[in-house]
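Below are the chains, spelled out letter by letter.
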Amino acid sequence: MRKFSLFIILFLNLHFSAQTLSENQKLESLCKVWGFLKYYHPNVAKGQFNWDQQLFQKIDELENINNKDQLNEFYANWIESLGKVEDCKNCVNDNDKVYFLKNFDPGWMDDRQFFSENVSQKLKFIENNRNIGENYYFGLNGRKVYFRNENSYGSKFTSKQIALLELFRYWNYVEYFFAYKYKTDQNWNDVLREMIPKFLAVDNDENYHLSLAELVTKTDDSHAFLFSKLNSINQYGRKNVPVQYSYAEGKLVVTKIYPTIFNEENPLKIGDVIYDVEGLTIPQKINLFGKYLPASNSWGKINKSKYLFLYTNKDSLELKIERDGINLVLKVKTYFQKEIIRENPPVPEKWKFLDDEKKMGYVNMGLIKRSDLNDMFENMKNTESIIFDSRNYPNMTILPLSRLLLPENKIYYEFIFPETNYLSKFYRRKNNIGRNNPDYYKGNVVVLVNEVTQSQAETTVMMFKQHPKAKVIGGYTSGANGDVISFNIAGLKTCFTGLGAYYPNGKETQRIGIIPDIIVRPTVKGIQQGKDEIMERALEYLKSGN
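Sequence positions are assigned chain by chain, starting from 1 and proceeding in written order. Only residues with pLDDT of at least 70 are given local features in this predicted model, and only at 80 or more are side-chain atom pairs given and counted; all residues enter the totals for whole chains, interfaces and linings. Hydrogens and water are ignored here; the side-chain numbers use all heavy atoms of the structure.

Under an unreviewed UniProt entry, the name given to the protein chain is Tail specific protease domain-containing protein, and the organism recorded is Chryseobacterium mucoviscidosis.

Below, the structure is given as structure tokens:
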């Protein structure tokens, strides 16, 4: 019986070591090893090798690899060729730091589908004796990471090798630097597995850009984008219906008709409700865009989509609308942007009083600047209430505003920062705001929010929430919170969230957003009547107290 068991074990070992590996499997392992060595191996991380050329060479060599034994010999020889790794006396955890480990996942090194015990041990030795300090491929601006010394191969498709390089480069950026990798809908390892065949199938510029856009969208991060004129033209179009509209209840409500240089009549009217564009409902349009528009939640997806609904490359669009209770089908002509006449809207006030008695103030957070805050507060410090409109993006006013509004210095959120000496680990730092201030604002603080409220705006709302009489009113926010890392991929501008932001108790805002105390969403009827329903609900709350 014992001899039979030994035979089975020997048979299984021989079977798995000689198992045939697919091209996809070989490239998946190569992406992970290449990225790990790039950032962890001291000789590679110091820039001693042309690491892109190493990848091109290894992609070619993989074609002659057929099974696990050959693959592990391939990796063992490669690692040995990179030079000796000295024992690292400083590669110990900093006990003063509280680590955030949800993104840290080196378990792939022990995947016996790919790696032998020998290669796994070599990789772990490098991890334990990793590069410390200066890194050729990234730097720090304060605590914020930036990428550097990356060769650009342009935005045109030139070869499958370069397409794979850009995939591997981006995948490893996310693997080691994206603060919310653990929050993606799809496991990041599965993203690599899915995207490799798509990048192998790329054969022209358009497919290349679409594959890159799909990859970026997998981050599920409203901060992320891929700036591609090719995608903008081919996916969305260069022409537009000359109207302004608002989104509500899955429909578009026309709020303004723009003239054109041709002075042609527009069949649409203010108040028309558009519910179908070229045979697709507005929610279907959002889903269609969704594959290439990264967003943290459904409201973030709507926010990114809502400007694209009436773009096209066609000369006209067929729209189904509702007007005065009657459903109509209209063929509406489209125009290039230069053909549409748009007047600059009047600039709203940075702050104002909403009543003659000056008991209620209003502040537009998208317009007010740090230099305005003292004057604003001097005017409004005796009001009973101030409404802070945060349906916009603020101007770095959070710290000085907190010192005027809040009664005391307190922790209002915490950041996680990348541990650059042990990549894909992050460390926590709690952040204080305000000051001990007996002259703090004693009135009501009402904050207006919606899906436009994102990032710094969301963090500012978190500060407002520390006021003892704060109330947040409106819709769910975008759910992308924390500073961003901006960089290029395949010569195209992109970014993702590099620093994570949390409530003091560790509760997340990413992908969730700021949940209002009183939820209000615009309605079709309200938009048709010219109402700001979120503002109206805020005024009602201040009047009635609920």
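Following the structure, the description resumes.
(A) Focus on the overall build of the protein chain. Only DSSP runs of H or I with at least four residues qualify as helices, and only runs of E with at least two residues qualify as strands; both kinds are numbered from the N terminus onward. Scanning the protein chain from N- to C-terminus turns up 17 helices and 24 strands. Counting only C-alpha atoms, the protein chain reaches 90 × 65 × 50 Å along its principal axes. Across the 546 residues of the protein chain, 53% fall into the buried class. When contacts within the protein chain are restricted to residue pairs at least 6 apart in sequence, those whose partners lie at least 24 apart make up 73%. Looking at the protein chain as shown, the accessible area adds up to about 25,500 Å², and 49% of this sits on carbon and sulfur atoms. Charge separation in the protein chain, taken as the distance between the mean sites of 72 positive and 65 negative side-chain charges, equals 2 Å. For every residue, the accessible area (1.4 Å probe, protein chains only) is compared with the maximum for its type, and the residue is labelled buried under 20%, exposed over 50%, or partly exposed between those bounds. Contacts are assigned to residue pairs with any non-hydrogen atoms lying within 4.5 Å of each other. Per-residue and other accessible areas were derived by the Shrake-Rupley procedure at a 1.4 Å probe size, with only the shown protein chains allowed to occlude residues. A positive count includes Lys and Arg, and a negative count includes Asp and Glu. His and the chain ends are not counted in either. The atom standing in for a charge is NZ when the residue is Lys, CZ when it is Arg, CG when it is Asp and CD when it is Glu.

(B) Looking closely at the state of the cysteines. In plain terms, two cysteine sulfur atoms within 2.5 Å form what is called a disulfide here. Evaluation of the coordinates by the stated rule reveals one disulfide. A disulfide bridge connects C88 with C91, and the sulfur atoms are separated by 2.2 Å. As the torsion about the S-S bond is roughly 90°, the C88-C91 disulfide counts as right-handed. Relative accessible area serves as the criterion here: at 12%, C91 is assigned to the buried category.

(C) Representation of the sheet that holds strand β10 (residues 311-312) in the model. Strands are labelled as partners when DSSP assigns at least two bridges between them. Sheet architecture is open: three strands sit in the order β10-β5-β13, paired in antiparallel fashion. Whereas interior strands pair on both sides, the edge strands pair on one side only; in this sheet they are β10 and β13 (335-336). The pairing of strand β5 (residues 239-240) with β10 spans two bridges and is antiparallel. When the sheet's bridge partners are listed, K239 is paired in β10 with T312.

(D) Summary view of the nonpolar core. For this analysis, a nonpolar core means a set of buried residues of the types Ala, Val, Leu, Ile, Met, Phe, Trp, Tyr and Cys, connected via side-chain atoms within 4.5 Å. Of all hydrophobic cores here, the largest spans 136 residues; its most connected members are F168, F177, L310, F388 and F496. By residue number, the principal contributor to this core is helix α7 (residues 160-177), which donates twelve residues. Filtering out sequence-adjacent residues up to four positions away, F177 remains in contact with Y39, F138, V145, F147, N172, L423, F426, I485, F496, T497 and G498. The next biggest cluster of nonpolar side chains, apart from the first, holds 13 residues, and it includes V446, L448, A538 and L542.

(E) A look at the side chain of K58. Looking at the element boundaries, K58 is found in helix α4 (residues 51-62). The contact partners of K58, leaving out residues within four places of it in the chain, are L30, F74 and W78.

(F) Structural view of a nonpolar patch on the surface. To count toward a patch, a residue needs a relative accessible area over 30% and no salt bridge; like charges are then connected within 9 Å, while nonpolar side chains (Val, Leu, Ile, Met, Phe, Trp, Tyr) are connected within 5 Å. Salt bridges, as used here, are contacts in which a Lys or Arg side-chain nitrogen is within 4 Å of a carboxyl oxygen on Asp or Glu. On the surface, I261, F262 and I341 cluster together into a nonpolar patch covering about 280 Å² of accessible area. Take I341: it is sitting in the loop between β13 and β14 (351-353).

(G) Inspection of the pattern of salt bridges at higher detail. As enumerated under the stated definition, the model contains 32 salt bridges in all. For K38, the salt bridge is made with E150, and the minimal N-O distance between the two is 2.7 Å. With K38 in helix α2 (residues 23-40) and E150 in the loop between β3 (144-147) and α7, the pair connects residues that are 112 residues apart, well separated along the chain. Assessed through its relative accessible area of 1%, K38 is described here as buried. One connected set of salt bridges, linked through shared partners, spans K38, D52, E150, E166 and R169.

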